[in-house]
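Here are the chains, one letter per residue:
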Amino acid sequence: MPEPDPVTPHAPERTRSLRRRVGVVGVLGEILLTAGALILLFLGWQLWWNDAIMAAQQSDAASGLSAEWAEEGRASRGDEPAPAAESYGDPAVDTTPYDNGDTFAVMYVPRFGEDSQRQVTEGIGLDVLNSFEAGVGHYPGTQMPGEVGNFAIAAHRSAPVPHRPDLPTDRIVTLTSCNPLYSTAERIIAYGVLESWQPALAGPPAEIAAQVEAWGA
Amino acid sequence: MGGVSMYGALWRAMPGPVWVRIILLLAIAAGVVYALFTWVFPWVDGIINPRDVTVEQ
C-alpha cells in the first residue's frame, strides 16, 4: 500500500497560484512579442512601403503636370509647325522669379528606372523633398536649366542633383542625395553638362521620348 | 491548457472549426495591418520621427 502523499491536500491550491503567475507572465510575454512585431512592422512601413507610395504619387504627379503642359502647348501653338532643329540657338532660360514650392520643370532620368520622372520645384526644404507631389528641389540662388552656371537640385534616394563652380562656362547640373540608402551619414553628388536642348514645341528629346510616352506625358 | 493568454482567449472566442478560425485570424490580421499602415503609422511618424534629412544648413 503506498503511503499517502502529504503534499496532496495542498496541491490544488499551489497549482492554482502557479497557474495565475504563469498567466501574468504569459500575457506580459505576449504584449512584449506583439510590441516587437509592431516595431518591425513600423520600420518596414517607413523604409519600404511609405517610400513606395510616395514614389508612385510623385511620378504620377509629374506625369500629370507634363501632360498638362503638353496640352497647353498644343493649344497655344495652334497650327504653327515646330521650329526646325537648326534654329534653336542658345538654350532658352526661364527667368521667372519662382517662390518656394513653385514647380517649373519635370525631370526624366531613364537610368534611374521606370517611372523616375519627378517635378522640379523651387526650394530644398522638407515641404518640397517630402512632398507627395514634388520630390526634386532646386537650390535657391543657383542657376536655372540652360543658364550658364550650375543648376543645383536635391532629392531623396528615390529621385536626382548639381554644383561645379570651377567650370563657369558650362551649363552644369548637380544632383545631391543621401548615401548610403536609408541613411543620412553621407552625401552623394552627381554632375552633368548640358548637351543639347530643344523647345517644348518640338516634343520630348529622342533620348527620353520612349519614357515620356510610356510613363505618361 | 492552463494559464491566461490574450491570443488563447482570442482563439477560444472565435466560432467554428479550425480552418474557419484560421481564415478569421488572417482577416483580422489584415485589417489590423491596414489600419496601422493607413492611420497609426503616419500619426506615429509625425510625432517621433520628423525625417531629419534636410539639406538646408
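Calculation notes
- Think of each chain on its own: its residues are numbered from 1, step by step along the sequence as written.
- Chain letters start at A and ligand numbers start at 1, both assigned in the order the entries are written.
- Where totals are concerned, whole chains, interfaces and linings use all residues; where local detail is concerned, this predicted model gives features only for residues with pLDDT of at least 70, and gives and counts side-chain atom pairs only at 80 or more.
- Note that water and hydrogens are dropped before the side-chain values are worked out from all heavy atoms of the structure.
- Helix and strand definitions here come from DSSP, where helices need a minimum of 4 consecutive H or I residues and strands a minimum of 2 consecutive E residues; each element is numbered from the N-terminal end.
- Throughout this description, buried means an accessible area under 20% of the type-specific maximum (1.4 Å probe, protein chains only), exposed means over 50%, and partly exposed covers the range between.
- In short, Shrake-Rupley with a 1.4 Å probe defines the accessible areas, and a residue's cover is counted only from the protein chains shown.
- For two strands to pair, DSSP has to find at least two bridges joining them.
- Whenever a helix is involved, its axis is fitted only over the stretch in contact; in every case the axis is a line through C-alpha atoms, and angles between N-to-C directions fall within 0 to 180 degrees.
- Only Phe, Tyr and Trp rings are paired, with Trp represented by its six-membered ring, and only when their centres lie within 6.5 Å; those with planes under 30 degrees apart are stacked, over 60 edge-to-face, the remainder tilted.
- The predictor rates its confidence in each residue with pLDDT, a number between 0 and 100.
- By nonpolar core is meant a set of buried Ala, Val, Leu, Ile, Met, Phe, Trp, Tyr and Cys residues that side-chain atoms within 4.5 Å join together.
- Comment: arc refers to directions from the helix axis out to C-beta atoms.

(A) Looking closely at the overall build of chain B. Summing up its helical and strand segments, chain B has two helices and zero strands in all. Counting across all 57 residues of chain B, residues that qualify as buried make up 16%. For chain B, the accessible area works out to roughly 4300 Å², and carbon and sulfur atoms hold 73% of it.

(B) A look at the sheet that holds strand E5 (residues 171–179) of chain A. Residue and element names in this part refer to chain A. Spatially, E1-E2-E3-E4-E5-E6 is the arrangement adopted by the six strands of the open sheet, whose pairing is mixed. Both outer strands of the open sheet, strand E1 (103–107) and strand E6 (186–193), are each paired with one neighbouring strand and no more. The mean angle between the axes of side-by-side strands here comes to 30 degrees, regardless of whether they run parallel or antiparallel. Looking at chain direction, strand E3 (residues 136–138) and strand E4 (residues 149–155) are connected through three bridges and run antiparallel. From the neighbouring strand, His-138 faces E4, where its bridge partner is Ile-153.

(C) Layout of the packing of aromatic side chains. If you walk through the whole model with that rule in mind, you get nine aromatic pairs over all chains. Judged by centre distance (5.1 Å) and plane angle (25 degrees), the ring pair of Tyr-98 of chain A and Phe-104 of chain A falls under stacked. Taking relative accessible area as the criterion, Tyr-98 of chain A reaches 22% and is therefore assigned partly exposed. Take Phe-104 of chain A: its relative accessible area is 10%, and that puts it in the buried class. Grouped by ring-pair contacts, the aromatic residues Phe-42, Trp-45 and Trp-49 of chain A together with Phe-37 and Phe-41 of chain B constitute a single cluster.

(D) Structural view of the pairing of E6 of chain A. All names here are of chain A. Examined bridge by bridge, E5 and E6 share eight bridges and lie antiparallel to one another. From the neighbouring strand, Thr-174 faces E6, where its bridge partner is Tyr-191. Here E5 hands over to E6 after six residues, with Tyr-182 in that stretch at a positive phi of 70 degrees.

(E) Just the confidence of the model for chain A, in detail. With 79% of its residues at a pLDDT of at least 70, chain A reaches an overall mean of 77. For chain A, per-element mean pLDDT is lowest for E5 of chain A, which scores 78, and highest for strand E2 (residues 118–122) of chain A, which scores 90.

(F) Inspection of the nonpolar core at higher detail. All names here are of chain A. Phe-104, Ala-105, Met-107, Val-109, Val-120, Val-136, Met-144, Phe-151, Ile-153, Ala-155 and Leu-175 form the largest nonpolar core, which has eleven residues in total. The set of elements that each furnish at least two residues to this core consists of E1 and E4. Judged by nonpolar contacts, the second largest core, of seven residues, contains Tyr-108, Ile-208, Val-212 and Trp-215.

(G) A look at helix H3 (residues 206–215) of chain A. Residues and elements named next belong to chain A. Those residues of H3 that sit buried are Ile-208, Gln-211, Val-212 and Trp-215. In an axial view of H3, the angular spread of the buried residues amounts to 105 degrees, which keeps them on one side of the axis. Exposed residues lying more than 90 degrees from the buried face of H3 are Ala-206, Ala-210, Glu-213 and Ala-214. At the C-terminal side of H3, Gly-216 shows a positive phi close to 100 degrees.

(H) Focus on the confidence of the model for chain B. Summarising the model, chain B shows a mean pLDDT of 81, and 79% of its residues fall at 70 or more. Taken over the whole predicted complex, pTM reads 0.62, whereas the ipTM for its chain interfaces reads 0.77.

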